Amino acid sequence: MNIKKIILILFLNFNLLFCDEINENAVYLLYPGPNLISFPHITESKSIDTFFESIQNNIISVISDGQIGLINNNQWIGGLQTIDNLSGYWVIVDEISLLDIQGVYSNSPLYLLNSGANLISYPFKTNQSLTNALPTYLYDNIYAIIGENEAALFTENGIFGSLTTFEANKAYWFFMVNPNPFSYNNPNLLSTNNSNHYTFDDETELDYSQSSSQSVYFIENAYINGEIISEYSHISAYCNNIKVGGKNWSGNMTDLIAMGDDGYGYTENYCLNDDNITINVHSNNSDYDMLIIGNDQWDNNNISIISISNVQYGDLNFDYSLNISDLIILIEHIIGFNVLTNDHKILISDSNQDGLINITDLIFNLELILE
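No experiment lies behind these values; they were computed from the predicted model shown.

Viewed as axis vectors pointing N to C, helix H4 (residues 324-334) and helix H6 (residues 359-370) meet at an angle of 175 degrees, and their least axial separation amounts to 10 Å. With respect to their mutual orientation, H4 and H6 come out roughly antiparallel. Contacts from Ile324, Leu327, Leu330, Ile331 and Ile334 of H4 reach H6 at Ile359, Asp361, Leu362, Asn365, Leu366 and Ile369.

A separate point is the state of the cysteines. For the structure on display, the rule yields one disulfide. For Cys239, the disulfide goes to Cys271, at an S-S distance of 2.0 Å. The S-S bond linking Cys239 to Cys271 shows a torsion near 100 degrees; that makes this disulfide right-handed. Linking Cys239 in strand E22 (residues 234-239) with Cys271 in the loop between strand E24 (254-259) and strand E25 (278-283), this pair joins segments that are 32 residues apart in sequence. A relative accessible area of 0% means that Cys271 is categorised as buried.

Let's shift gears to H6. Side chains three or four residues apart in an α-helix point the same way, a direct result of the helix having 3.6 residues per turn. With 12 residues, H6 should cover 16 Å at 1.5 Å per step; its first-to-last C-alpha distance of 17 Å lies within 8% of that length. The set of residues buried in H6 consists of Asp361, Leu362 and Asn365. Viewed end-on, H6 has its buried residues packed into an arc of 100 degrees, placing them on one side of the element. Along its buried surface, H6 packs onto H4 and helix H5 (343-349).

Taken together, five strands build an open sheet; the order of strands is E2-E8-E4-E5-E6 and the sheet is antiparallel. Both edges of this open sheet fall to strand E2 (33-38) and strand E6 (75-77), since each of them pairs with a single strand only. Adjacent strand axes in the sheet meet at a mean angle of 25 degrees, parallel and antiparallel pairs treated alike. Strand direction decides the pairing type here: strand E4 (residues 59-63) and strand E5 (residues 68-72), joined by three bridges, are antiparallel. By the bridge assignment, Ser61 is partnered in E5 with Leu70.

Criteria and cut-off values
- Residues numbered from 1 in each chain as written.
- Predicted model: local features only at pLDDT ≥ 70, side-chain atom pairs only at ≥ 80, totals over all residues.
- Heavy atoms only, no water.
- Axes fitted to C-alpha atoms, helices over the stretch in contact; angles between N-to-C directions.
- Helix = DSSP H or I, 4+ residues; strand = E, 2+ residues; numbered from the N terminus.
- Parallel < 35°, antiparallel > 145°, perpendicular 65-115°, else oblique.
- Contact = heavy atoms within 4.5 Å.
- Disulfide = S-S within 2.5 Å.
- Buried < 20%, exposed > 50% of the residue type's maximum accessible area, 1.4 Å probe, protein only.
- Expected span 1.5 Å × (residues − 1).
- Arc of directions from axis to C-beta.
- Pairing = 2+ DSSP bridges.

Following this line, the structure appears as structure tokens:
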């Protein structure tokens, strides 16, 4: 933790100790680059120029769902003119900044969610798990939620991903199947006379830059030489040979967030729409370039379910080459003479990705060998 950050946190705690307990306020510690936040304690819309006046010299832009406000010659331009308590915002700054906002938290407001992506606030000053915060009627209509470098996928088999808790003063993308009015469940708040709240992260620093453009890859299966990768494995995503995302393997449906080039310098040469990502796994002191089974194309605010393998399609003996011995193994499986039971081999046997293992996969592999 650098000296400047330590000074800011000490000042932050001093400020909270002596501020008026009657007023509701939240203090935001904003890091260089994009910060995905919301302002649930303001009770009416406020002009963007007065709202961010205290840190205007540090702000590059503010982005909401479909609108942007930019600073140009000390003047705000763009379609985003006001800040409200329902929306979420990417606030992009060029240095560490402290933003102190006063207001009053209201009861859970009503959100009118459209089909597709909706960037909204989390309205409480108390953190809450997803399962407690979301009403059950929403489950059949929600597909995923994306936060800042974290995501949750909703399936018939449960909720997967690193996003497990809504945090106070953060914002989230809700991905809906159909339009849906919705309110969060109200958490059980501990009684306190001090309603001040501050927001900052104390996570390990990333070895890539956070972006306001994100694409999520939920990794359903990850194999190295016939085995599921170990729990200590680290998965990295690359675009243009630059690392754009990384997560430790946490099991089935680990969410890997790949950052895009959002035009703000920190993410130069990161992914652009229609670029293909590559994935590397560091496991047991070795690095493996992985085959991506499924969609490897990067698109902003896109959600994909993929699997990854350290060997190519058809390499059923894991010798890193496709040859006649692999064809024999596949033929024996197709005719039922020696049926494959290893999940990794079954996954890479379907070379044409049609969901079946049959003669067309054999032909596909033979053509690759003859090239």
